[in-house]
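Report on the structure
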Amino acid sequence: MREGFQIIDSHCHIYPEKIAAKAVAGTDTFYGTVAKCDGTAGSLLEINTEVGIDHSLVQSVATTPKQVNSINSFIAETVKAADGRLTGLGTLHPDSEDQRADVEHLIALGLKGVKLHPDIQRFKIDDYRCLKIYELCEEYGLPILMHTGDKRYDFSNTNRLVPILETYTNLTIIGAHMGGWSLWDEASLELAGTPNLYVDCSSTMAWVPLDKTAEIIRRYGAEKVLFGTDYPMWHPRDEVNMFFDLDLTDDERRMILSENAKKLYQLEI
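What counts and what doesn't
- Residues numbered from 1 in each chain as written.
- Predicted model: local features only at pLDDT ≥ 70, side-chain atom pairs only at ≥ 80, totals over all residues.
- Heavy atoms only, no water.
- 1 Å grid on protein atoms, 1.4 Å probe; cavity = no way out; pocket = protein on both sides within 12 Å on 5 of 7 lines; lining within 4 Å.
- Points joined across faces, edges and corners; volume = space filled by probe spheres on them.
- Helix = DSSP H or I, 4+ residues; strand = E, 2+ residues; numbered from the N terminus.
- Nonpolar A, V, L, I, M, F, W, Y, C, P; charged D, E, K, R; others polar.
- Pairing = 2+ DSSP bridges.
- Buried < 20%, exposed > 50% of the residue type's maximum accessible area, 1.4 Å probe, protein only.
- Contact = heavy atoms within 4.5 Å.
- Polar contact = N/O pair within 3.5 Å; in protein donor to acceptor, adjacent residues only side chain to side chain.
- Patch = residues over 30% accessible without salt bridge, like charges linked within 9 Å, V, L, I, M, F, W, Y side chains within 5 Å.
- Areas by Shrake-Rupley, 256 points an atom, 1.4 Å probe, with all protein chains shown as cover.
- Salt bridge = Lys/Arg side-chain N within 4 Å of Asp/Glu carboxyl O.
- Lys, Arg positive; Asp, Glu negative; His and termini not counted.
- Charge placed at Lys NZ, Arg CZ, Asp CG, Glu CD.
- Right-handed = clockwise from strand over helix to strand, strands pointing away.
- Axes fitted to C-alpha atoms, helices over the stretch in contact; angles between N-to-C directions.

**A word on the layout of surface pockets**
Taken as a whole, the largest pocket spans an internal volume of roughly 620 Å³. Per-element accounting of the lining of the largest pocket gives the leading share, seven residues, to helix 1 (residues 17-31). The class makeup of the residues in the lining of the largest pocket is 14 nonpolar, twelve polar and two charged. Quantified by volume, the second largest pocket comes out at close to 190 Å³. Along its surface, the second largest pocket is lined by I107, G110, L111, K112, Y140, G141, L142, P143, K263, L264, Y265 and Q266.

**Looking at the sheet that holds strand 9 (residues 225-226)**
What the six strands build is an open sheet, ordered 4-5-6-7-8-9; its pairing is parallel. Strands with a single pairing partner mark the edges of an open sheet, and in this sheet they are strand 4 (90-91) and strand 9. Pairing of strand 5 (residues 114-116) with strand 6 (residues 144-146), which is carried by three bridges, proceeds in the parallel orientation. Bridge assignment links V114 to a residue of strand 6, and that residue is I144.

**Thoughts on the pairing of strand 1 (residues 8-13)**
Judged by how many residues are buried, strand 1 sits mostly within the fold: six of six residues are covered. Summarising the sheet, strand 1 and strand 2 (residues 55-59) pair through four bridges and their orientation is parallel. Within strand 2, the residue paired with D9 across the bridge is S56.

**Here we look at the environment of H235**
Relative to the helices and strands, H235 resides in the loop between strand 9 and helix 10 (236-245). What makes H235 buried here is its relative accessible area of 12%. On a C-alpha basis, the gap between H235 and D38 in space is 10.0 Å, while along the polypeptide they are 197 residues apart. If we ignore the near neighbours within four places in the chain, the residues touching H235 are K36, C37, I47 and V51. A distance of 3.0 Å separates a polar side-chain atom of H235 from the backbone nitrogen of R237.

**Looking at a negative patch on the surface**
Negative charge collects at one region of the surface, where E17, D38, E46 and E50 lie side by side. Positionally, E17 belongs in helix 1. Accessibility expressed as a relative area gives 68% for E17, which makes it exposed.

**Observations concerning the pairing of strand 2**
Buried residues dominate strand 2, accounting for five of its five residues. What you see with strand 2 is no split at all: H55, L57 and Q59 on one side and S56 and V58 on the other are buried throughout. Across three bridges, the pairing between strand 2 and strand 3 (residues 86-88) is parallel. Opposite S56, over in strand 3, you have L86 as the bridge partner. Taking the sense of rotation as the criterion, the β-α-β connection linking strand 2, helix 3 (residues 68-80) and strand 3 turns out right-handed.

**Details of the sheet that holds strand 1**
Ordered in space as 1-2-3, the three strands form an open sheet in which the pairing is parallel. Looking at strand neighbours, the two that pair on one side only are strand 1 and strand 3, the edges of this open sheet. In this sheet, adjacent strand axes meet at a mean angle of 30° when their direction is disregarded. In the packing of helix 2 (residues 41-51) onto the sheet, the strands contacted are strand 1, strand 2 and strand 3, and the crossing angle to strand 2 comes to about 160°. Against the sheet, helix 3 touches strand 2 and strand 3, its axis set at about 160° to strand 3.

**Some words on unusual backbone geometry**
With an omega of 5°, the peptide bond running from Y231 to P232 counts as cis. Mapped onto the elements of the fold, P232 is located in the loop between strand 9 and helix 10. The residue D230 is not glycine, and still its phi comes out positive at about 65°. Tracing the backbone shows D230 in the loop between strand 9 and helix 10. Its relative accessible area of 6% is what places D230 among the buried residues. Located in the positive-phi region is Q266, a residue other than glycine, with phi close to 55°. When its relative accessible area of 68% is taken as the criterion, Q266 is described as exposed.

So, in structure tokens, the structure goes:
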């Protein structure tokens with residue numbers, strides 16, 4: 001708790017210890033960043049204790065179909081060993097031969113949603129190969145945390161996201177990085193008011209001035225925004241500090257820090 005607030009970090013990447021350094025380096029190369037943490041669950045839990053983060057949603061993404069089940073099993077095992085301090089999201093891949101089996105497997109593992117990263121997984125959001133994923137997540141009530149936005153590419157920008165939101169109206173998508181990484185303001189102007197879209201503030205405050213971040217939050221509405229640090233890219237302590245420097249009301253902070261995530265993922269913390 002910080003100043004009486006419960007904090008749920010809704011956007012964390014974790015990797016097995018033996019490959020964490022390589023995985024983090026790959027992300028650094030992709031974004032031109034230098035990660036502040038090592039990407040292991042052990043470090044995340046230690047940092048959460050130090051910073052006062054009560055709970056984290058953890059995930060990873062499959063870059064090939066054959067990785068899907070092993071990654072989902074790793075996430076589930078890590079969550080189980082964390083004594084209630086973590087909740088897991090599964091991964092899916094559009095080239096899988098049996099999407100339903102993959103979805104049913106991740107549900108059986110106790111995972112609470114799906115993480116997709118179109119830019120790293122190299123598929124366009126509206127590619128026909130992805131439609132089965134959306135159908136199944138809508139059918140099973142699984143929220144999708146989706147990386148959105150990148151001005152360098154055309155995999156996950158609003159032109160591809162809007163048709164999915166309009167077609168799968170009972171599917172909840174959480175658009176990471178305020179709905180459009182590197183296109184934060186432009187994306188929010190187009191996406192705000194979409195009924196089945198939430199966003200998170202991960203990988204936003206490190207680039208976007210805090211007054212503009214607060215403006216974007218209010219454009220979406222605090223009831224539509226989740227707190228996320230994008231661990232290990234950024235240190236959760238810095239993200240929490242910046243968040244509390246935003247000019248928000250306590251009610252807005254409570255919704256963003258915990259209430260929205262509890263509702264979306266049906267968390268009891």
